[in-house]
Amino acid sequence: MKKLLSILSLLVASTAAFAQGAHDFKLNEVYVHSDSAGSSYVDEYGQPASWIEIENTSYSTHNLRNCFLTINPAVLDESMSAPEREKLMSEIPAGDPRTSLAAKQRLTFFADGNVNRGTLHLNFELPVGEPFTVYLFDGNAVDLLDSVHVEALPLGSSYARINDAEWQVLEEDKVTPNSPNVVFKNKKIQEFKEKDPHGIAMTLMCMGVVFLCLILLFVFFHIFGWAMNRASMLARVRAIRAIHNQASKVVEMAKQGTTETKGIDMETYTAVIGLALHEYFGGTHDLESGIITIHQSHTTWADKSHELRVVPPHHQAVELKK
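Bear in mind the structure is a predicted one, so any value in this text is a computation, not a measurement. (Residues numbered from 1 in each chain as written. Predicted model: local features only at pLDDT ≥ 70, side-chain atom pairs only at ≥ 80, totals over all residues. Heavy atoms only, no water.)

Asker: What am I meant to see in the overall build of the protein here?
Answerer: Across its full length, the protein holds six helices and 11 strands. Counting every position in the protein, which comprises 322 residues, the buried fraction comes to 26%. Looking at the protein alone, contacts between residues at least 24 apart form 61% of all its contacts between residues at least 6 apart. Carbon and sulfur atoms form 61% of the exposed surface of the protein, whose accessible area is close to 23400 Å². (Helix = DSSP H or I, 4+ residues; strand = E, 2+ residues; numbered from the N terminus. Buried < 20%, exposed > 50% of the residue type's maximum accessible area, 1.4 Å probe, protein only. Contact = heavy atoms within 4.5 Å. Areas by Shrake-Rupley, 256 points an atom, 1.4 Å probe, with all protein chains shown as cover.)

Asker: Help me understand the packing of aromatic side chains, please; the structure alone is not making it clear to me.
Answerer: The description of an aromatic ring pair uses the distance of the two centres, along with the angle that the planes make with each other. Per the stated rule, a full pass over the model turns up six aromatic pairs. Judged by centre distance (5.5 Å) and plane angle (15°), the rings of Tyr41 and Phe110 are stacked. On the criterion of sequence distance, the pair formed by Tyr41 in the loop between strand 1 (25–31) and strand 2 (51–56) and Phe110 in strand 7 (residues 106–110) is long-range, its members being 69 residues apart. Overall, Tyr41 belongs to the partly exposed group, its relative accessible area being 22%. Looking at Phe110, the relative accessible area reads 2%, which means it is buried. Of the aromatic side chains, those joined through ring pairs into one cluster are Tyr31, Tyr41, Trp51 and Phe110. In this arrangement the basic side chain of Lys104 is found over the ring face of Tyr59, its NZ or CZ atom lying 4.7 Å from the centre. (Phe/Tyr/Trp six-rings, centres within 6.5 Å; stacked < 30°, edge-to-face > 60°. Lys NZ or Arg CZ within 6 Å of the ring centre and 35° of its normal.)

Asker: Even after reading the chapter, I still don't get empty space enclosed by the protein, so can you show me in this structure?
Answerer: Summary: where empty space remains is shown by rolling a probe the size of a single water molecule over the atoms. One pass over the full model with this rule turns up one cavity of 30 Å³ or more. By volume, the largest cavity is sized at about 80 Å³. Its residues assigned to classes, the lining of the largest cavity shows eight nonpolar, three polar and two charged. (1 Å grid on protein atoms, 1.4 Å probe; cavity = no way out; pocket = protein on both sides within 12 Å on 5 of 7 lines; lining within 4 Å. Points joined across faces, edges and corners; volume = space filled by probe spheres on them. Nonpolar A, V, L, I, M, F, W, Y, C, P; charged D, E, K, R; others polar.)

Asker: Is there a simple way to explain the sheet that holds strand 9 (residues 144–150) in this structure?
Answerer: Backbone hydrogen bonds are what pair the strands of a sheet, in a parallel or an antiparallel way. An order of 5-4-8-9 is seen for the four strands of this open sheet, with the pairing classed as antiparallel. Taken across any chain shown, the strands that pair with only one partner, and hence form the sheet edges, are strand 5 (90–91) and strand 9. The pairing of strand 8 (residues 132–137) with strand 9 spans six bridges and is antiparallel. Paired with Phe137 across the bridge in strand 9 is Leu144. (Pairing = 2+ DSSP bridges.)

Asker: Can you walk me through the pattern of salt bridges in this structure?
Answerer: It is possible for side chains bearing opposite charge to pair when their charged atoms get close. Per the stated rule, a full pass over the model turns up seven salt bridges. The salt bridge involving Glu171 is made with Lys174; its shortest N-O contact spans 3.6 Å. A salt bridge links Lys174 to Asp173; the shortest N-O distance between them is 3.7 Å. The exposure class assigned to Asp173 is exposed, which follows from its relative accessible area of 63%. Residues joined by salt bridges that share partners form a network here, namely Glu44, Asp96 and Arg98. (Salt bridge = Lys/Arg side-chain N within 4 Å of Asp/Glu carboxyl O.)

Asker: Can you walk me through unusual backbone geometry in this structure?
Answerer: When glycine is set aside, most residues are seen to have a negative phi, and most peptide bonds are trans. Phi is positive for Asn66, which is not a glycine, with a value near 70°. Its identity as a non-glycine residue notwithstanding, Lys104 has a phi of 60°, on the positive side. With respect to the helices, strands and loops of the structure, Lys104 is situated in the loop between strand 6 (100–101) and strand 7. Judged by relative accessible area, which is 32%, Lys104 ranks as partly exposed.

Asker: Looking at this model, I keep getting lost on the sheet that holds strand 7. Mind explaining?
Answerer: Ordered by their spatial adjacency, five strands build an open sheet running 7-2-1-10-11, and the pairing between neighbours is antiparallel. For this open sheet the edge positions go to strand 7 and strand 11 (167–170), each flanked by a neighbour on one side alone. The average undirected angle you get between the axes of adjacent strands in this sheet is 25°. As paired strands, strand 2 and strand 7 are joined by five bridges and run antiparallel to one another. In the sheet register, Trp51 faces strand 7, and the bridge partner there is Phe110. (Axes fitted to C-alpha atoms, helices over the stretch in contact; angles between N-to-C directions.)

Asker: For this particular structure, what's the right way to read the nonpolar core?
Answerer: Burial of nonpolar side chains together is a common tendency in soluble globular proteins. Counting 33 residues, the largest nonpolar core has Leu27, Leu64, Leu69, Phe109, Leu126 and Val134 as the members making the most contacts within it. Contributions of two or more residues to this core are made by strand 1, strand 2, strand 7, strand 8 and strand 9. In terms of residues, this core owes the most to one element, strand 1, which gives four residues. For Leu69, the residues in contact, after removing those within four places along its chain, are Leu27, Ile54, Met89, Ser90, Phe109, Leu122, Phe124, Val134, Tyr135 and Leu136. Membership of the second largest hydrophobic core comes to six residues, among which are Phe68, Met89, Phe137 and Ala141. (Core = buried A, V, L, I, M, F, W, Y, C linked by side-chain atoms within 4.5 Å.)

Asker: I'm lost on the side chain of Arg161 in this one. Help?
Answerer: Secondary-structure assignment places Arg161 in strand 10 (residues 158–161). The buried category is assigned to Arg161, whose relative accessible area is 9%. Reaching out from Arg161, the side chain makes a polar contact with the side chain of Glu55 at a distance of 2.6 Å. Excluding anything up to four places from it in sequence, Arg161 contacts Lys26, Leu27, Asn28, Glu55, Thr57, Glu166, Trp167 and Asn181. (Polar contact = N/O pair within 3.5 Å; in protein donor to acceptor, adjacent residues only side chain to side chain.)

Next up, the structure:
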């Protein structure tokens, strides 16, 4: 059971990884060939043809095998089954090592309708002078990986993806099969190149920027170092002052303990003096003569008659009669 679960988990993970890799494929450039415009890019047989370029936009190697290409809009019908949709599309066969695309690699397929010429040939042709849409489907013939709508192109030009959301029409001299697409030149950059053909001004500007950055860094670190030294100096001064104050207190205590208080702690010495002054200036005790004298005095506390019980009067009368 554990082995079966492990195999199922591996299959699910592999399927998910493959599906994720398939979604990294993007339509990159579309070229429509016509007899009126020549093309320097030809197939394995030296024949020019319309072509569709696909790019692996990820940083991992993925295989295009079993994916589908078509320009038939009927494949968008959601009620259509996968086998029915496969019949309307051109499948990229497996087994050709060229369909395994490395990171940022591109592959061009010829839309000439001659599938018998090899893996890179599709079973349909691109219409000349008419708009159309190219669809790229996953190997399950259900998931649409990418699509692009192409308007009627000028002769010799192509429709290329500049970034993920922008497409441009490239002139004949800028068509780039199996290569990164070339964008239009910036007019300001072109003007700068015309005014500075040898790059002297650019060099001076670059060197100026570099030296300016170095000067700014020097000033920054100089000020930073001064601030850190200043903070460290202030900390040292505060520490020295604290030590000096503590030493002064110790010296004062030692001085008081040896000369002024004769070895007695200053706090004890002060407490004794305060107590003496308190006693001298009318403390809680009465004034005494300092002479102890014992005087004998008679008090009723020593009278033993108080210890005898008083006889009641009627008892006294009885005794008198007897």
